[in-house]
Amino acid sequence: MGRIEKVFAEGKNPAFIGFTVAGDPDKTTCIRIARALIAGGTDILELGIPFSDPVADGPAIQKADERALGAGTTPSSVFEIVREIRKESDVPIVFLTYYNIVYRRGIDRFYREAHDAGVDGILIADMPVEESGEACNAAQRYCIDPVFLISQTTSDTRIGTIAAEARGYLYLVAVLGVTGVRNQVSEGAIDLLERVRRHTSLPLAIGFGISTPLQAQTCIRAGADGIIVGSALVEIVERNLNNPAAMEQELKDYVSAMKNAIVMSHPV
Amino acid sequence: MTRRGRYGKYGGQYVSETLMGALIDLESAYAQAATDPEFARVLAGYQAEYAGRETPLTFCPNASDKLGCKIYLKREDLVHGGSHKLNNTLGQALLAKQMGKKRLIAETGAGQHGVATAIVGAALGMPVDVYMGEVDTQRQALNVFRMELMGARVIPVRSGTRTLKDAINEALRDWVANVRDTYYLIGSVVGPHPYPLIVRNFQSIIGREAREQIMRKEGRLPDAVVACVGGGSNAIGIFYPFLADDVELIGVEAGGEGIETGRHSATLCAGDAGVLHGTLSYLLQDEHGQVLPTHSISAGLDYPGVGPEHAMLRDSRRVTYAAVNDPEVLDAFRFLSKTEGIIPALESAHAVAYVMENAERFDKDDIVIINLSGRGDKDVSEVAAMKGLS
């Protein structure tokens, strides 16, 4: 059983999936951030590989990408970060990035290097299932789960096509829009959970705009198997750039609180 | 072109899942409109009565004398709004209206596409939001005023390089958030399928007219057709109807301060394959796939990508792509103004500059058509500020 599969195995609590930008604000601090997220109870660690033009992301993650690129982050240094984390943790690691980063390195090479470093899944934000043939083949060759987005605008037919290609979990986009903290979970997100569930038995994780324990509980009660938080974590990093110790503490406390809320709301 | 909007290996649809439904809808709405005689009739009416088509193919006796070949200008500068951009915005706005969309958004570099979108928004009664890099709002302030005068809202973009690339990023972010009722009116042959196809088809009226006009005037096809290339819409518009002919096609990119300096926008001359803004094409990027900052004296060419069909035409060598630098562009801007009384847009001046630099390649009876994609009024104050008018 793969690391991601274990997280969602029968009888497990719903997952807290935490996102941070690899190399933000620099390599050493990023590794400390990953440790803090794991210590707080993160079940799956999503690492964003920064891109100069992150069109699916809102301002918080855009700024984190700029900080990471400013610190000299490259795919090679991101693989090094993964290897460092792997020395001390078995937490599943999923890359989130944009097509050009993967394409430029060579699709086969990128997946091979990711596998060798200890990556479990890869989601490419601007790669719809129609363009995913080469990447999915490489993913299969190197035992990496291809993770896909499903949105409120995804038709039932497309949900079926995507679910057939996806492995690990499906990433449901809770809002129409880019990443970033929002006040409420929309009714559309709840409908989406119910609609996707009819098509697949893959675990359903939901993200975009989710940042509070209450929002997480709403999604878990509606049937989500995991909650993905990105911008809220990145904002904690941004607020504490001058004080890494406080940053680590706040990240750890935040993840613990979210994880508790998720476990408590679990119907089982 | 094959399935999913491929031009050779280029093109495709590299967008986030939220936009796929909208692209699929657009593809089917366009397929319907493209074969609908009523759509064609309405569009032709706007082109003739509102946009001022057909545009002249002007013979330039003075420039021909000086350059030693027969120079014709395809006068897209005379289209309402001052550039070829209205050819595309009229078509797409009518399509948007037919699809029941309530709002238009657009990106703009030089402001010409923003102006052309503001025009159709006013004419067809649709609200318009235009994203424009903050740097460009300053160097093209006149166009900002024109857009606002016609009721569009201009949103300055302060992220990234604050030019056209970032304006497209912000327009895409807006579209993702408002995809159900908003139509993204892309201004060039870039972006995900079906945009490169739609924009090329609406712009190829330029080449169809030019081909007929030169046959009428000269009784034969031209020896060369020259156009500037940023995203590449005016170039593909004039090239496309000549692709099957024995006519040399030359696309001129912005060499900026010189390709060797790194401060340029010559994507096809100096870039390589990559994905930006939903399409696989040539791209100016670093070794890790990060998109590089670009430079051009003309805001409309200041873009690190290029249309995927141009990428295919480069690889097949059907079209020759070259670059000219800022100083030669300024010379061409002055040359055409003084010799013919026609002030070209700095973008179009790149095509003029290429012919000036390569005049010895042409014989005196050779016919060269330059696509004068826009007029230069918008650039006069910027050029004056550079003390380039003398």
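Source: prediction; values computed, not measured.

1. A word on the interface of chain B and chain A
Between chain B and chain A, the contact holds 39 residues from the first and 35 residues from the second. Summed over both partners, the interface of chain B with chain A buries about 3,000 Å², with 50% contributed by carbon and sulfur atoms. At the junction of chain B and chain A, the tally comes to four salt bridges. One salt bridge connects Glu131(A) with Arg6(B), and the closest N-O pair in it is separated by 2.5 Å. Viewed at the interface, chain A and chain B are joined by 19 residue pairs in polar contact (both at pLDDT 80 or more). For the side of chain B that touches chain A, the secondary structure elements donating two or more residues are α1 (17-34), α8 (164-177), β11 (272-276) and β12 (279-283) of chain B. With eight residues, α8(B) is the single largest residue contributor to the side of chain B that touches chain A. Taken together, the residues of the side of chain B that touches chain A break down into 14 nonpolar, 13 polar and 12 charged.

2. Remarks on unusual backbone geometry
For the bond from Arg53(B) to Glu54(B), the omega torsion is 5 degrees, close enough to zero to count as cis. Despite not being glycine, Phe208(A) has its phi angle at roughly 80 degrees, a positive value. Within the element layout of this structure, Phe208(A) appears in the loop between β8 (204-207) and α10 (213-221). Residue Phe208(A) is classed as buried on the basis of its relative accessible area, which comes to 11%.

3. Points about the nonpolar core
Judged by nonpolar contacts, the single largest core of 195 residues is most densely connected at Phe95(A), Tyr111(A), Tyr169(A), Leu170(A), Ile206(A) and Trp175(B). It is α1(B) that contributes the most residues to this core, eight residues altogether. Among all residues touching Tyr169(A), those that are not within four sequence positions of it are Ile4(A), Phe8(A), Ile17(A), Ile44(A), Glu46(A), Val94(A), Val147(A), Phe148(A), Pro203(A), Ala205(A) and Ile228(A). Formed by 33 residues, the second largest nonpolar core is a distinct cluster that contains Cys60(B), Ala322(B), Val355(B) and Leu372(B).

4. Regarding the sheet that holds strand β7 (residues 153-157) of chain B
Residues and elements named next belong to chain B. With respect to topology, four strands assemble into an open sheet ordered β7-β6-β5-β8, the strand pairing being parallel. With partners counted over all chains shown, the strands left at the sheet margins are β7 and β8 (182-184), one partner each. Each neighbouring strand pair of the sheet contributes to a mean axis angle of 25 degrees, computed without reference to strand direction. Here strand β5 (residues 103-108) pairs with β8 via three bridges, running parallel. Note that in β8 the partner of Ile105 across the bridge is Tyr184. Its contacts with the sheet put α8 on β5, β6 (128-133), β7 and β8, and the angle it makes with β5 is roughly 160 degrees.

5. Quick look at the pattern of salt bridges
Scanning the entire structure with this criterion turns up 48 salt bridges over all chains. A salt bridge links Asp53(A) to Lys165(B); the shortest N-O distance between them is 2.7 Å. Linking Asp53(A) in the loop between β2 (44-48) and α3 (59-70) with Lys165(B) in helix α8, this pair reaches from one chain into another. The closest approach of N and O atoms between Glu248(B) and Arg361(B), which form a salt bridge, is 2.6 Å. Here the residue Glu248(B) occupies a position in strand β10 (residues 248-256), and Arg361(B) occupies one in the loop between α15 (346-357) and β14 (367-372), the gap between them amounting to 113 residues. Classification of Glu248(B) by relative accessible area gives partly exposed; the value is 27%. Here the salt bridges do not stand alone but share partners, grouping Arg3(A), Arg86(A), Asp90(A) and Asp120(A) into one network.

6. Topic: the pairing of strand β3 (residues 93-97) of chain A
Residues and elements named next belong to chain A. Among the five residues of β3, five are classified as buried, and the element is accordingly described as predominantly covered. The side-chain alternation of β3 yields two buried faces, one formed by Ile93, Phe95 and Thr97 and the other by Val94 and Leu96. The pairing of β2 with β3 spans four bridges and is parallel. Within the sheet, the bridge partner assigned to Glu46 lies in β3 and is Val94.

7. A word on the side chain of Gln213(B)
All names here are of chain B. Within the secondary structure, Gln213 is located in helix α10 (residues 205-218). Residue classification places Gln213 among the buried positions, given a relative accessible area of 2%. Ignoring sequence-local partners within four residues, the contact set of Gln213 consists of Glu54, Thr55, Pro56, Leu57 and Lys74.

Rules used in this analysis
Residues numbered from 1 in each chain as written. Chains lettered and ligands numbered in written order. Predicted model: local features only at pLDDT ≥ 70, side-chain atom pairs only at ≥ 80, totals over all residues. Heavy atoms only, no water. Contact = heavy atoms within 4.5 Å. Buried area = accessible area lost by both parts, 1.4 Å probe. Salt bridge = Lys/Arg side-chain N within 4 Å of Asp/Glu carboxyl O. Polar contact = N/O pair within 3.5 Å; in protein donor to acceptor, adjacent residues only side chain to side chain. Helix = DSSP H or I, 4+ residues; strand = E, 2+ residues; numbered from the N terminus. Nonpolar A, V, L, I, M, F, W, Y, C, P; charged D, E, K, R; others polar. Buried < 20%, exposed > 50% of the residue type's maximum accessible area, 1.4 Å probe, protein only. Core = buried A, V, L, I, M, F, W, Y, C linked by side-chain atoms within 4.5 Å. Pairing = 2+ DSSP bridges. Axes fitted to C-alpha atoms, helices over the stretch in contact; angles between N-to-C directions.

Note that every value here comes from positions in space, so none of it alone points to a role or purpose.
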